[in-house]
Every structure is written in structure tokens, then in C-alpha cells.
Amino acid sequence: EAVRESLQILLETMGYVVRAFSSGPEFLAECCNLAAGCVLLDIRMPKMNGMEVQQKLRELRPDMAVIIVTGHGDVTLAVQAMRVGAADFIEKPFQEEALLASVEHALSLADQAQHHSEFVAKVRQNIERLTPREREVFDQLVIGHANKVIARILECSPRTIEIHRARVMEKMEVASVAHLVRMALAAGIGDVAAD
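Residues numbered from 1 in each chain as written. Predicted model: local features only at pLDDT ≥ 70, side-chain atom pairs only at ≥ 80, totals over all residues. Heavy atoms only, no water.

**Q** For this particular structure, what's the right way to read the nonpolar core?
**A** Val 123, Val 137, Phe 138, Val 168, Met 172, Leu 180 and Ile 189 are the most contacted members of the largest nonpolar core, which totals 21 residues. Looking at this core, the elements that each hand over two or more residues are helix 5 (96-128), helix 6 (132-143), helix 7 (147-154), helix 8 (158-172) and helix 9 (177-186). Setting aside residues up to four positions removed in sequence, Val 137 forms contacts with Ile 150, Leu 154, Ile 161, His 164, Arg 165 and Val 168. Membership of the second largest hydrophobic core comes to 18 residues, among which are Met 51, Leu 57, Ala 78 and Ala 81. (Core = buried A, V, L, I, M, F, W, Y, C linked by side-chain atoms within 4.5 Å. Buried < 20%, exposed > 50% of the residue type's maximum accessible area, 1.4 Å probe, protein only. Helix = DSSP H or I, 4+ residues; strand = E, 2+ residues; numbered from the N terminus. Contact = heavy atoms within 4.5 Å.)

Quick look at the structure:
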């Protein structure tokens, strides 16, 4: 409790908005109502340890960056936490500067995750605007097929594919097939199309 309170005071004096929780389950019950940000998790906590909370948090809020706070004897666990997605770990007792640098880095990662989530949502929203035939053309374009190949696969003329392709490009708000493919892959959609 003393460490939690001192961390809260330090971070608040640096201008951060801070919410403190006394246990992992208490935090997990509220995490979906919190803005994206950075979570400081101690490896050793009552009810659930930091690794268990981190694992559950990855399912509930992948946009939250995690910093593991650990005692000297738990460095191996902290390294494991980083292997499964923690942004950083800090050993107790820690220097204020090191903690603040770690928080700043984690918030930068959380911001990137938030932007990526918004980007994926926008891509998926644009895909929803496609007609069923346009979606078929989209899937074939993302795989890398040329118009003539798509026309054979979908049993229509290359000219029809050109028209559908133009509509796909317009609805997806891209200027080239290369951009379409990069966008789909970045949003994790190319993997689905290739199945």
C-alpha cells in the first residue's frame, strides 16, 4: 500500500492522471472503463499476481501498456512478462527518473496501440461498405491476384473486375493496390483473405 501511494503521488505531481487499485481483480473489474494508458503491475500482489493480471489484461485491453514492478528476486518473472508483451520492468527500489522514463515510453506504446486500433476499426468499417462481389474482389486483390486471374476465379470479364476494383479502391480510400495490400496486412486482414 505504501509503495502504491508513493507511486501515485509521484506520478500525479508529474501531471499524470492516476487511478490506484489494491488488487488485480479490482483493477480488472474497472479496466474496460478506463482510458487507454499505462499500467504499473507488481509481480507480487494479493489475489492475483502481476503475470496473471497481465495475461487477463491482454484479452480485455490490448491497448494498455504494462510495466512490471519487481523485487530483485523476481527479475526472471519480469523478463517472462516482457516476452508476452510488457513494455518494461522496473526493479524495486527504483530511481524516480527511471520510473518516469519507463512510464513515458509505455504511454508512447499505448498511444501507438490506440492509433492502430482506430486504424483497424476504420479499415473494417470501410470493408463493411463493400458489396459481396466487391469483397470477393478485395480478397483476391489482397492475395495478389491480377485482374485477369480474378476474372477467371470469379467467372466474369476482366472489364467487370476493373469496375469492381475501382469501387473497392474508392470505398477503401486508397490510390493503389500496393496501398490496399499494405493497409489490409497492417490491419491483419490479409491473413484472413489468404486462408
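**Q** How should unusual backbone geometry be read in this particular structure?
**A** Working note: non-glycine residues mostly have negative phi, and peptide bonds are mostly trans. Cis geometry is adopted by the peptide bond preceding Pro 93, which originates at Lys 92 and carries an omega value of -10°. Tracing the backbone through its elements, the reader meets Pro 93 in the loop between strand 3 (88-91) and helix 5. Positive phi is not limited to glycine here, since Glu 155 has a value of about 55°. Checked against the element boundaries, Glu 155 lands in the loop between helix 7 and helix 8. Glu 155 sits in the exposed class, given a relative accessible area of 73%.

**Q** Quick question: what am I supposed to make of the pattern of salt bridges here?
**A** Pairing between side chains of opposite charge can happen when their charged atoms approach one another. What the rule picks out here adds up to nine salt bridges. Measuring nitrogen to oxygen at the nearest pair gives 3.4 Å for the salt bridge that ties Glu 173 to Lys 122. With Glu 173 in the loop between helix 8 and helix 9 and Lys 122 in helix 5, this residue pair connects regions lying 51 residues apart in the sequence. When its relative accessible area of 47% is taken as the criterion, Glu 173 is described as partly exposed. Across the salt bridge formed by Arg 133 and Glu 136, the nearest N and O atoms sit 2.7 Å from each other. In this pair, Arg 133 and Glu 136 both sit in helix 6, three residues apart, roughly one turn of the helix. Glu 136 gets classed as partly exposed once you look at its relative accessible area, which sits at 35%. (Salt bridge = Lys/Arg side-chain N within 4 Å of Asp/Glu carboxyl O.)

**Q** Please explain the layout of surface pockets as it appears in this structure.
**A** Here the idea is plain: a probe the size of a water molecule rolls over the atoms and shows the empty space left. Of the volumes computed, that of the largest pocket is approximately 910 Å³. Residue lining of the largest pocket: 33 residues in total, with Val 18, Arg 19, Ala 20, Val 39 and Leu 40 positioned closest to the centre. Of all the elements in the fold, those that place two or more residues in the lining of the largest pocket are helix 1 (2-13), helix 2 (24-30), strand 1 (38-42) and helix 5. Classifying every residue of the lining of the largest pocket gives 23 nonpolar, five polar and five charged. Approximately 180 Å³ is the volume attributed to the second largest pocket. Along the walls of the second largest pocket sit 16 residues, with Pro 62, Met 64, Ala 65, Val 66 and Gly 85 positioned nearest its centre. For the lining of the second largest pocket, the secondary-structure elements that each account for two or more residues are helix 3 (50-60), strand 2 (65-70) and helix 5. Across the lining of the second largest pocket, the residue classes break down as eleven nonpolar, two polar and three charged. (1 Å grid on protein atoms, 1.4 Å probe; cavity = no way out; pocket = protein on both sides within 12 Å on 5 of 7 lines; lining within 4 Å. Points joined across faces, edges and corners; volume = space filled by probe spheres on them. Nonpolar A, V, L, I, M, F, W, Y, C, P; charged D, E, K, R; others polar.)

Any link to function would need more than the numbers given here.
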